[in-house]
Every structure is written in C-alpha cells, then in structure tokens.
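Examination of the molecular architecture
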Amino acid sequence: MAIVFNWFISLFISDEMVEALSTGFQNLYNKYTRSENGPQDDGRCEIYIVPPNKKSANTVVLVDNNTSQGFQRYRPKARKSFEFDVKQLCISKHLKWQIMRQSRLRTSTGQCCPICIPNIANGNERVVSNLRNLLDIYNIKTVKKSMFGCFVDDLKFFYQLKSQEYKYIYDEVLEDEVVVKAISTVARNACADDLADGDSRFDEEIKTQQANTRCILTIISANAKNWVYKVIGWFTYRMVSLLATSLVVQPAQIERVREAEQSGLPVIYLPLHKSHMDYILLGLVLTMNNIKPPLVAAGENLRVFFISKLLSFLGAFYIKRHVDTKKDQLYWSVLSSYIKNSMKNGHHIEFFLEGARTRSGKCCVPKAGLLSIIVDAYREKVIEDAWIIPVSMNYDRILEGNFVREQLGQPKKKETFFVAIWTFIKAICSHYGIMRVDFNRPYRLRDLYESIDKLTQLENESLSKNGMEVMSPTICYKNTVDRMAKHIVYDCWKSTPIMSTHAVCFLLLNKYRNGTTIEQLAKDLSILRDKLSQGDRDVGFSGKSIEVIKHALDLLGPKLVVYENTDNGHFVKPILDVSALIELSYYANNLISHFMHKSIVALTIFKLVSQEFWNTSITEKKISRKELVEDVLFLFNLLQFDFVFIKSCDSLDNIVERVIRSFEEEDIILIDMMLEEERRSHNMAKQLDYDSDSDDDYQQSHVEVDIHYRVNTNVSSLNKLKFYRSVMMPYLECMAESAGSFLALSESSVTERQHIQTILNQMHENLEEGILSYGESISVDTIKHSFLAFEKFNCLQITTKDNIKTLCVNNQSSESNEGMKVMSEYIEEFVKQIN
C-alpha cells in the first residue's frame, strides 16, 4: 500500500514541490517534536540543561547578558538529524528511532553500610551510569514516535502501562485479633472494672468502640485504583513537563528497585521529605517504569475537599501527626493492623521517617513510630522479611517557594482546596529547573535490625558488667528502632546528590557573603565539585561551572541574589536581608551533610587555640586530642535534635580521626612523624583496655595516651578553618542566643511560645547591632531544639499541660541560674567573633 501511494505521489508532484514539502515537514518536525537525549560534555558527561540556541552545544542554559530575555526552559536536545521525504511519509511511523546513549564513570552512590549490611554493600565502586530524563518519554524503550505527535504518544504510553493488583483489606483489619482485643480493652476501661462481659453497658461500649474502629479505618484506608494511577500519572507527567526542565533518574537504580519488587517481599520506601512533590514524583517514576507504586502514609492535614479522595485512589492512607500509643490504644492498633495486613497482602509501603517536611533544607531527626510497626511485623512473623529502600528527591528549586514565615515564628498556613489550587496556578507560571529522584541500594530489613540489635545487646551487657542499671527489653527494642531510623536517614542524606542552586548558595553564604566576581565563584565551584567527587558525592548538574552558576542565579532570582555588571566584571552577591538569607540557607544546607564533621572540628580548634591564632609570631599551636574529642562530643550532644551526626555502627573517635587525616592533607594540621607513634600508642592502649575488660579475673590499669596535634597558623590554614567553621556557626549562634535569654528571665517559668518570640525579637536586634554574624541563625526550629538540648543537659525543665509547654529554669535563684550560666558561657567560647 505504501509503495503504491509513493508511486502515485511521484507521478503528480514535481521535484520542486517535493523539496518544498520536505522543507515544510522538516520545520514542523523541528518545532513540535521533543528531544531524545542531552548534548555531550567532553564526550562523556550527560547534561540536563541545554542552551536556547545552537551556538553552544555543550553548555547549560544561561541568560544572554546583552539582551533582556529571561530564562527559557528546554529539555535535553541532541537528536540526530532526520530528513523528511514525502515519499517515505506513510512509512515514517514504522521507523525505529535511534536514541543516543551517553554514559559516564561515576561513583555508585547510595551504597549500603559496609558494617551493618556487609553481604550487600560493595564499597565505593565506580560504575558506568546513564542518567535518564523521564520527561523525554521516548527514552523509555516501550514507546516509539508516531506521526500523531507527543500528546497522543503520552496517552498511549500511560494506557499501555502494566495493571497492578491492589487488594482492599478493610474486613481483614476489622477481624484482626489485635484490633478485636484492643476494642475489648478500651471498652472495659471505659466501664467499671468489676462489670462482667455480658453486662449491657459493656455490650453497648463494645458496639461504640466497634463503630469508632470502622470510622478510624475508613479514614485510614487507601482505595488504590489502576485507572486512576494511569489518568493521574498522565496528568502529572504533563504538569511536571511544564514545571521542570527534566526529571532525572539513574536506570541502574531503577533496575535494582525492580528486582526487589519482583522478589515477592514487601518494599518499604523511605524518602527524605522536602516537598509535597516528593510522593508525587516517586509514584510517577515507579508507575512509568511499571513498578507497583506503594501505599503512602499522609498526614491528616491533607484531608481536604476533593484532594483527599483523589489521593486515596492513589494509595494514600491518612494518619495522625502525633499518636500516644497508650491513650490512643484503639487508633494505634487499627493503624498497626492496617500496615501489617497491607504488607501481608502484597502492598508496598511509603512513609517519611522525618515526619513533616524539612523547613531548613537539611534532614530532620527521624521519628521511628511507623518504622516500629514494620519491625514488629517482621518479629511477629507477619512478613518473612522486607526490602528497605531509602529515597531522596532533589530540586533546583522547591515548588512550595520557601518556609521563611514559619522560621520567623509565624503560624503555618492551613492547607485547603483553594490554597492548593492557587499554589498550582502560581507553579505553572514559573519554572523549577531539574528534579531528580535517587534510590539507594535496597537491603533487607532483617540484616539492619539484627546488626543494630546486636549492638544494643552488647551495650546492655557492658552496663551490666560495670554494675549499672541495664535497659529493659522494651527500652532495648525502642533504642534499636531509633538507631535504625537514624542510620537510614544518615546514609540517605550523605548520599543525596547536590544540585546547582545548592552549591551556589553554599559558596555565597559561607565564602562570599559580601559578593565576588562570577569568574572567582566559578573557580570555587569547580573546586567544590572536585571535593564532592572525592567524597563519593554525585552532583545533579554538569557543564562549565560559569554556565551552571548563571543557570542557578536565574532560578534563584533577584529577590535572593544580585547579579550585575561592574567595571571589574560580572558581580554576584547574596541579598543580606533576613528573609533572603533564610531562603538561601535552605538550599545551602543540603551540603551540610558533607561538611558538618569538619565544621564541628574546626569550631573546636578555634576554641582551643583562642587568641593565639592571631599572633603573627606563632607559626603553629599544639592542641590536645582529649580536649578536642570532649568539645566535639559536647557539640554533638548540643545539636542532637538538629542533626544526625553519627551512626550507631560508627564512633566519635573514628569521625575525629577521619577529619584530622583530611585536615593533614589540606595542611591545616601539620604532619608530625611523632604523631604516628602517638597514634599507635593510643590504639595499643585502647586494645589493652579492651583485653583487660574482657578478663574477669584480672584488671590491668593503664595510663591513657593523649595525642597532640600541631595546628598550622598561616593565612591559608586560617582561611580554610574559617570556611569550615562558618558551616555550623548559624546553629551555634542560635543556641548561644537561646541560652543567654534564660539568664535575663525575671520569672522562674515562661510559656514556650512567649519565650520563642522574646528570643526572635532579641536576635533581630542583635543582628542590627552586629552582635550576630549570621541572619539565617534566626530559626524557630533551632530555638525549639535548643530547649530540648538544655533539658538533656539538666539546665531546663519542660512541662506540658493542656497542650501548652512551659519552660522552667532548674535551680532558679534570686539572681541567676548557675547551670544555664555555665552553659551560656561555654557556648559563647565557640561563637566568639573573629576578625
């Protein structure tokens, strides 16, 4: 048929007409077809951002300085030229479109812990990894280009996706033995203790609690439907295409997830929580790759008109933000039974260990409530085992805008249907750069649980040997689950790729607060990229550093950064307004995971050497390792509610040693031949101590060996230490302000809300007067965490009555509190200003 048609066309159309038609079709093709792959960078690196013209095929998108045109969003374009021929028009849809693959030797990020998961972890291997843009649907082999255009191809792709099975387990939960027992217990507690089971009042209470159970279960239960997944998947795909330049995944990671999903065991997805887009993107990525999407734990704040029902069809089950397992015994039993039976019936589960979205950009200290249900299901043999897959979603720019209002103490806006619609309208009128989804290597729940539980048991045995009170089985189990949660979050955060806006904001806040030229910023960005690569961190951008910076500056916008032409060239400077600094720090904080240990050690070194740093006649200064470790431990404990500093399988000594080794390479710590001997002596002393402790009949005391480090005091070393010190300084400044505020209290107690406002007002005044160096240190989250830390140090008491928290300074005297005074003075030694 095609041959006859081509012959017929050739009879009636001249060569000139053929050429004109071919040119017309070629222009039409160039206008409406989408790209298949990104351009190359030195023949190796895949680039997600491409220029709006053909003059520079290996750079990122930038704004032409000589024009007033704004940023233009393009998907990766590096397609092979395709010449239309009218004679082949009818058979063009049968052609196989060849997609050029670009690969790069990159670090295999997201590896398992080599200590806790030794059977799966494979170290810091480097693998050839493609980066695929899912917004270019033709990158997925299941779809080919047709003559009907991309809109029809998208519909066809989502229509042909594999149908997944979702079993509705409402009745199974109601009949669960645990739920039935909880109903009986709650009913009995509501009645008199001496009433018999057959008493009419008890029967009525049973019926009441059964009705409550059905009500709770109706709210909790998801009602996932395949056709909704496909329709909403297509709609989401179209919307994300409008919002983002690209949605990037690593195919190798997708294959690992697919293998875990096909094993028959339930898969537990544990993403870091940055945006409401997190669960949308995760569901979209899994759906497009024919992997069964999980049931998603969503907060009750999302139960708003229309949206709640829609999300329920997409697998969302709604839970309370805060659940007291003793007071809400019935609710907890229904929730636990629902999750356990879901896994038993082949569903996968997704929830956020951090709970709410991060307001600061860094990861939050996890809450292990839902994880304990998963572990219980394994221990109770409800499931044989499960796969744990930590996930990180990363954005050049988040959809919500910023959380400045909440960080400055203003109440959170309630989520409503109209607020969601307005947010959506504002979103589609803007652009958000690159979105990226990364899956850590899957590993077994059993392996992680048994490894950490063994550490907990060893700790308990150590307490027993030293004559101290041992932990009860309940406390041991709780500690194990808490450590598991921190381990998962720590590993995921440490392996999260860095986006262009993160890197640029980090450099501007920690090195160039007063501004710099774009050329100098580009040099430092290149150095930073090398450091991240050496530390086995992947980056979510590629191309020339100067073009990456221009792309990031365009996304950040004039409200956050100043980018102008001067006599000395292009000048870049962050806006030093408090609101702008808080938003900039949100993006910069994504790099804290890479520098936090170095920053803590740098803070401690500055404290130990004091003013001797600034004596030009001194070329070096010795510091004690013992004092260094003590101060580092203090800072870890002080900031324990802001950060997960250490995994349960790691030690403080190992962290300090790694940082010191790194500082030796950077000439911050001077290498001393005697230092190696001291290190060996220190390790031998530790081993002798271990051997003597293991011998019940003979205990040999030893003299502890203290190592001394030589700190280089030249200008280069000081500048490096200043840079590292600045990373954690905003948090220390906030802690110092919080501690000092209690010394000025005229009363012994104050409500938390009132005192937070007092501290915020004082911090604003101190910033204007120059007492505070970092405007981003003004943070409600850190102030609240400081109260919890002071309570741990026995400097503060926190009581709650009628949901109102009251702060009471311990040992309050008529003049001041000695404990809080010592705490305040100690923190001040770390944050004293340096010229």
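As a reminder, the structure under discussion sits directly above these lines.
1. Considerations on the overall build of the chain
Within the chain, the regular secondary structure consists of 28 helices and 22 strands. Classification of the 835 residues of the chain by burial places 53% in the buried group. Intrachain contacts of the chain at a sequence separation of at least 6 include 78% that bridge at least 24 residues. In the structure as shown, the chain presents an accessible area of about 40,000 Å², 52% of it carried by carbon and sulfur atoms.

2. Examining a nonpolar patch on the surface
Taken together, the side chains of Phe235, Leu242, Ile421, Trp422, Phe424, Ile425 and Ile428 present a nonpolar region at the surface, about 620 Å² in accessible area. Within the residue set of the nonpolar patch, elements represented by two or more residues are helix H7 (226–243) and helix H14 (417–428). Looking at which element gives the most residues to the nonpolar patch, the answer is H14, with 5 residues. The topology assignment puts Ile425 in helix H14.

3. Quick look at the sheet that holds strand S15 (residues 561–566)
Ordered by their spatial adjacency, 3 strands build an open sheet running S14-S16-S15, and the pairing between neighbours is antiparallel. Of all strands in the sheet, those with a lone pairing partner are strand S14 (516–517) and S15, marking the two edges.

4. Points about the pattern of salt bridges
For the structure on display, the rule yields 25 salt bridges. Ionic pairing is found between Asp376 and Arg379, a salt bridge with its closest N-O pair at 3.9 Å. Placement of the pair is Asp376 and Arg379 together in helix H12 (residues 369–379), with a separation of 3 residues, close to one helical turn. Here Lys607 and Glu829 are joined by a salt bridge, their closest N and O atoms 3.7 Å apart. In this pair, Lys607 sits in helix H21 (residues 592–609) while Glu829 sits in helix H28 (residues 818–831), placing the two residues 222 residues apart along the sequence. We classify Lys607 as buried; its relative accessible area is 13%. Each of Arg625, Asp653, Glu657 and Arg661 takes part in one network of salt bridges that share partners.

5. Concerning the pairing of strand S21 (residues 796–801)
As defined by bridge partners, S21 adjoins strand S22 (residues 804–809) across 6 bridges and the pair is classed as antiparallel. Among the inter-strand pairings, Lys801 is bridged to a residue of S22, identified as Ile804. Counting the residues in the hairpin turn of S21 and S22 gives 2 residues, including Asp802, whose phi is positive at 55°.

6. Things to note about the sheet that holds strand S17 (residues 620–624)
Pairing is antiparallel across the open sheet formed by 3 strands, whose spatial order is S17-S19-S18. Across the chains shown, the open sheet's two edge strands, defined by having one partner strand only, are S17 and strand S18 (669–670). The pairing of S17 with strand S19 (residues 708–712) spans 5 bridges and is antiparallel. Counted as the bridge partner of Lys622 is Arg710 from S19. Against the sheet, H21 engages S17, S18 and S19, with an angle of about 105° to S17. Running at roughly 70° to S17, helix H22 (residues 625–638) makes contact with S17 and S19 of the sheet.

7. A look at the side chain of Arg357
As for its placement among the helices and strands, Arg357 is situated in the loop between strand S10 (349–350) and H12. Since its relative accessible area comes to 9%, Arg357 is described here as buried. A distance of 3.2 Å separates polar atoms of two side chains, one belonging to Arg357 and the other to Glu400.

8. Here's the deal with the pairing of S19
Among the 5 residues of S19, 4 are classified as buried, and the element is accordingly described as predominantly covered. With 2 bridges joining them, S18 and S19 adopt antiparallel strand pairing. Bridged to Ile669 within S19 is Val711.

Parameters and conventions
- Residues numbered from 1 in each chain as written.
- Predicted model: local features only at pLDDT ≥ 70, side-chain atom pairs only at ≥ 80, totals over all residues.
- Heavy atoms only, no water.
- Helix = DSSP H or I, 4+ residues; strand = E, 2+ residues; numbered from the N terminus.
- Buried < 20%, exposed > 50% of the residue type's maximum accessible area, 1.4 Å probe, protein only.
- Contact = heavy atoms within 4.5 Å.
- Areas by Shrake-Rupley, 256 points an atom, 1.4 Å probe, with all protein chains shown as cover.
- Patch = residues over 30% accessible without salt bridge, like charges linked within 9 Å, V, L, I, M, F, W, Y side chains within 5 Å.
- Salt bridge = Lys/Arg side-chain N within 4 Å of Asp/Glu carboxyl O.
- Pairing = 2+ DSSP bridges.
- Axes fitted to C-alpha atoms, helices over the stretch in contact; angles between N-to-C directions.
- Polar contact = N/O pair within 3.5 Å; in protein donor to acceptor, adjacent residues only side chain to side chain.

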